[in-house]
Structures are given as structure tokens and as C-alpha cells.
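These are the residues of each chain, in order.
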Amino acid sequence: MTKPYDPATLAVRAGQERSQFGEHSEALYLTSSFVFESAAQAAARFSGEEEGNVYARFTNPTVTMLNQRLAALEGAEGCVSTASGMSAILATVMALMKAGEHIVASRSIFGATQQLFGNIFSRFGIETSFVEATNIEAYRAALKPNTRLVFVETPSNPLTEVIDIAAVAEVAHAGGALLAVDNCFCTPILQRPLEMGADLVIHSATKYLDGQGRVLGGAVCGSKALTEEVFKFLRTAGPTLSPFNAWVILKGLETLKIRMEAQSANALELARRLEAHPQVARVFYPGLPSHPQHALAMRQQKTGGAIVSFDVKGGRAEAWRVVDNCRLLSITANLGDTKTTITHPASTTHGRISAEARAAAGISEGLLRIAVGLESVADIEADLLRGLGGS
Ligand SMILES: *Cc1c(COP(=O)(O)O)cnc(C)c1O
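Note that this is a predicted model, so its numbers are computed, not measured.

Reading the values: rules and limits
- Residues numbered from 1 in each chain as written.
- Predicted model: local features only at pLDDT ≥ 70, side-chain atom pairs only at ≥ 80, totals over all residues.
- Heavy atoms only, no water.
- Pairing = 2+ DSSP bridges.
- Helix = DSSP H or I, 4+ residues; strand = E, 2+ residues; numbered from the N terminus.
- Axes fitted to C-alpha atoms, helices over the stretch in contact; angles between N-to-C directions.
- Core = buried A, V, L, I, M, F, W, Y, C linked by side-chain atoms within 4.5 Å.
- Buried < 20%, exposed > 50% of the residue type's maximum accessible area, 1.4 Å probe, protein only.
- Domains from an automatic or database assignment.
- Left-handed = near helix turned anticlockwise from the far one by under 90°.
- Contact = heavy atoms within 4.5 Å.
- Nonpolar A, V, L, I, M, F, W, Y, C, P; charged D, E, K, R; others polar.
- Expected span 1.5 Å × (residues − 1).
- Near = heavy atom within 4 Å.
- Polar contact = N/O pair within 3.5 Å; in protein donor to acceptor, adjacent residues only side chain to side chain.
- Areas by Shrake-Rupley, 256 points an atom, 1.4 Å probe, with all protein chains shown as cover.
- Phe/Tyr/Trp six-rings, centres within 6.5 Å; stacked < 30°, edge-to-face > 60°.
- Lys NZ or Arg CZ within 6 Å of the ring centre and 35° of its normal.
- Salt bridge = Lys/Arg side-chain N within 4 Å of Asp/Glu carboxyl O.

**Considerations on the sheet that holds strand 1 (residues 78–82)**
What the 7 strands build is an open sheet, ordered 1-7-6-5-4-2-3; its pairing is mixed. Each edge of the open sheet carries a strand with a single partner, namely strand 1 and strand 3 (127–131). Across this sheet, the average inter-strand angle for adjacent strands is 20°, counted without regard to direction. Bridging between strand 6 (residues 200–204) and strand 7 (residues 218–222) involves 5 bridges; their strand directions are antiparallel.

**Some remarks on the nonpolar core**
Ranked by internal contacts, the top residues of the largest apolar core, which has 37 residues, are Leu66, Leu70, Tyr208, Leu209, Ile249, Leu253 and Leu256. At the level of secondary structure, the elements contributing two or more residues to this core comprise helix 1 (7–13), helix 3 (61–74), helix 8 (187–190), strand 7, helix 10 (243–253) and helix 11 (256–275). Sort the elements by how many residues they give to this core and helix 3 lands first, with 7 residues. Each of domain 1 (7–253) and domain 2 (257–388) gives at least three residues to this core. In terms of nonpolar packing, the next biggest core, distinct from the first, is built from 26 residues, Ala88, Ile103, Phe117 and Phe121 among them.

**Let's talk about the packing of helix 3 against helix 10**
Helix 10 packs onto helix 3 with a crossing angle of 35° between their chain directions and a minimal axis gap of 8 Å. Handedness of the helix 3/helix 10 crossing: left-handed. Each of Thr62, Val63, Met65, Leu66, Arg69, Leu70 and Leu73 in helix 3 lies in contact with helix 10, whose residues at this interface are Pro243, Ala246, Trp247, Ile249, Leu250 and Leu253. In terms of residue class, the contact of helix 3 with helix 10 is made up of 11 nonpolar, 1 polar and 1 charged.

**Concerning helix 9 (residues 224–237)**
Taking 1.5 Å per residue as the helical rise, helix 9 with its 14 residues ought to reach 20 Å, and the 20 Å between its terminal C-alpha atoms agrees with that figure. Against strand 1, helix 4 (85–96), strand 5 (178–182), strand 6 and strand 7 lie the buried residues of helix 9.

**So, the site of the ligand**
The environment of the ligand is formed by Ser84, Gly85, Met86, Phe110, Glu153, Asp182, Cys184, Ser204, Thr206, Lys207 and Gly217. Here Gly85 contributes a backbone N or O atom positioned 2.8 Å from an oxygen atom of the ligand. Between a nitrogen atom of the ligand and a side-chain N or O atom of Asp182, the distance comes to 2.6 Å. Protein contacts shield 92% of the accessible area of the ligand, which totals 380 Å² for the unbound molecule. Taken together, the residues that form the shell around the ligand break down as 3 nonpolar, 5 polar and 3 charged.

**Re the packing of aromatic side chains**
Counted under the stated rule, the structure contains 5 aromatic pairs. On the basis of an interplanar angle of 35° and a centroid distance of 6.2 Å, the ring pair of Phe244 and Trp247 is categorised as tilted. Separated by 3 residues within a single helix, Phe244 and Trp247 lie in helix 10, roughly one turn from each other. With a relative accessible area of 28%, Trp247 lands in the partly exposed category. By way of ring pairs, the aromatic residues Phe117, Phe121 and Phe151 are connected into one cluster. Taking NZ or CZ as reference, Arg235 lies 4.0 Å from the ring centre of Phe58, over its face.

**Digging into the domain arrangement of the chain**
Taken as a whole, the chain is organised into domain 1 (7–253) and domain 2 (257–388). If you average the C-alpha positions of domain 1 and of domain 2, the two centres end up 27 Å apart. Between the two partners, domain 1 and domain 2, sit 0 salt bridges. Linking domain 1 to domain 2 there are 12 residue pairs in polar contact (both at pLDDT 80 or more). At 3 residues, the largest contribution of residues to the side of domain 1 that touches domain 2 is made by helix 8. The residue makeup of the side of domain 1 that touches domain 2, split by class, is 15 nonpolar, 10 polar and 4 charged.

Structure below.
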């Protein structure tokens with residue numbers, strides 16, 4: 001089941017394959033290897049002549065169900081899941097690139113992705129140019145004859161900058177490069193990058209796809225040809241997703257649509273209330289008309305998403321006061337959970353970059369990032385207000 005169904009239906013139903021027992025819910029196959037009926041069948045499975053499971057580093061039926069469900073949701077021909085979001089990015093580059101080639105990436109990507117591109121791939125002869133996220137001409141100017149991949153994340157973390165996916169896809173393709181979009185913040189419920197011209201969608205399933213903070217996981221979605229290459233790397237190199245984690249994420253996907261809608265609605269309401277607060281200098285949320293790329297965001301995404309950042313007047317001391325007065329919100333750098341989380345980026349996720357680089361990136365000392373969950377928005381607001389301008 002793929003084409004005629006709504007995402008709400010795909011999230012619940014797509015990709016399921018029942019065993020001989022006719023179980024209603026998706027089965028969890030905790031097995032690392034598979035048994036053959038004969039020597040001839042073993043040989044045929046190994047040679048690829050016959051389709052079927054061999055060893056769980058290659059395939060496992062629970063993992064396959066997740067791959068099929070995610071592919072259906074992203075509108076992709078293929079999907080390969082991985083042990084984490086970072087291993088999805090690692091596998092993509094290892095599978096599709098070689099030494100001497102070049103990546104163009106938006107400057108505001110996830111910290112570990114920046115490290116992977118800037119400090120690790122560079123040791124193996126793959127260089128990355130980082131460009132200003134929302135400046136389309138900067139991507140064009142950074143392209144080189146050996147550019148193989150353009151990599152963006154939209155909306156960005158923590159400032160929620162929105163990148164025009166169709167425009168970057170055009171630039172990448174004109175330069176002979178592929179476009180990969182990290183769709184972690186929006187999920188396929190809010191944004192479908194492949195329909196806008198992207199070649200690959202990358203996920204940290206650890207975030208909204210699981211949605212309840214239980215497991216690590218990742219995925220790469222795209223054409224059959226590209227995802228086959230990623231699969232070949234994974235089955236050899238090994239950062240595959242465990243069947244247990246695949247099963248948890250499969251069940252997480254069933255509530256993805258209602259979670260994304262409810263968490264987005266909470267985020268919009270919270271953003272509006274914060275914007276009206278005298279102690280708040282600025283709110284960053286793509287769903288607010290005050291956001292610099294509001295019109296683009298509303299074209300490209302179904303909602304503004306569930307991440308709201310805001311700048312507290314008074315810098316770090318006041319921002320920390322807000323954090324320290326929270327009784328309900330979790331002080332953690334994670335996001336994409338039904339439980340609302342609060343982070344002070346300047347001293348945590350972005351704490352290791354220099355103060356100048358931070359300032360240049362727009363991450364001020366008063367900035368707080370809220371990954372809005374499913375609690376009542378009034379309770380979330382009350383938790384934040386306790387430390388906001390209080391004494
Ligand atoms: C968390 C995250 C990642 C990395 O995913 P892991 O599952 O932690 O490896 C990549 N991109 C974005 C945008 C993320 O938020």
C-alpha cells in the first residue's frame with residue numbers, strides 16, 4: 001500500500017507484513033540470523049538469486065517493515081534505516097562519495113554533522129565548504145567541479161532559519177551535485193523534501209519518529225539507485241538499526257501525525273505568548289509572521305514545527321534563571337519528545353565554539369530553545385514565566 005493513501009493512514013499501516021500467525025501488531029523479530037531449507041537455498045540467498053533474509057546486518061523483517069513505512073511516508077522509492085541519525089549521514093557520504101570530492105553544507109547544521117564533515121571526512125580527502133544557510137547564492141558560489149553533495153537542514157537549530165529546498169535543489173543539480181535534506185525537525189508529516197527536488201532525505205529517528213525519547217535510530221530515503229548504494233555500505237560496514245529499535249520506531253510512527261500536529265499547535269501558541277512578553281527580546285518560530293522566512297516556511301512546511309527559540313532580555317544570567325526555575329520542563333539537549341525540553345544553546349550544544357563564532361551565528365547568551373511537547377501549553381508557559389523577569 002502506497003500511493004492512494006493519506007499520510008495518516010500510511011503512518012499506521014504502510015509496510016506491515018504479517019507472518020503465518022496473522023499477528024495484528026507488527027512482530028518484533030529478535031534474531032540475528034535466518035535458517036535456510038537446504039544447501040541450495042542458502043547458496044541462492046547468499047548469491048542474491050533468491051530474495052530473503054540471511055543475517056541481520058543485512059536485513060531483518062522488523063527493520064524492513066520500518067524501511068517500507070518510512071519510504072511510503074517520504075514518498076521515496078527506497079529507505080534504509082541505520083543505528084542513529086549520525087550513522088545515516090555517515091553511510092550516505094561513505095556510500096556515495098570518494099576522496100577528492102567536495103560537500104557544500106549549510107553552516108547551521110547539527111553540531112555532530114559539522115564535526116563529521118569538518119574534522120573526520122576531511123582526513124579522508126573529502127572537503128566541506130560551509131555557507132550561510134538562507135543565502136541561495138552562497139551555495140552556488142561554493143560549488144566546485146568536484147562537488148558531489150549539497151547538505152542542508154531546515155528549519156535550522158536553534159534559530160529555526162528556513163532554507164528554500166526547491167531553490168537549493170536547482171542550484172545543486174545545475175552544479176552536478178545531489179541534494180540531501182536532514183528532515184529531522186519537520187518529519188514527512190510537515191515537509192516532504194523529495195517532492196521539492198531533494199535527492200535524499202536523512203532522519204534522526206531518535207527525535208520525532210520515535211517521539212518518546214526511547215531509542216536511537218536513523219534513516220536515509222531516496223531513489224532505489226541511491227538507497228541501494230547506502231544499503232551496500234551498511235551491510236558491509238555494519239551501523240544497521242537493531243530490530244528492537246526498529247519496532248519501537250514503527251510503533252512511534254503510528255502516532256507521528258497527531259503528535260506533530262498537536263506539538264506544532266502548542267508551539268505556535270507558546271511562541272505567540274512569548275512574543276507578547278516584555279522580558280522577551282525576540283522569538284524565533286517559522287509560524288510567526290515576524291519570522292524572516294515566514295512566507296517560505298508556510299509554503300514549504302505544513303506548520304511552523306515544534307521548536308521555539310527565544311531571546312531573553314538580560315543575557316545568560318536571565319536565561320539560566322528561566323532554566324533553573326523550571327519544575328516541569330526537562331533540562332536536556334534532546335528534542336522531538338512528547339515531554340517539553342529546554343536548552344541554553346550558548347552553554348551546551350553550541351558551548352564549544354568560540355564566543356565570536358557563536359555571536360556571528362546569531363546564538364546569543366540569552367537564547368533558549370524549547371522543543372515543545374504534548375503537555376498543556378498553559379502549563380509549559382507557567383513553567384517558563386516563573387523565571388522570566390521574576391525576582
Ligand atoms: C539529533 C540530530 C542528528 C543526529 O541524530 P542521532 O540519532 O543523535 O545520531 C542529526 N541531525 C539533526 C537535525 C538532529 O537533531
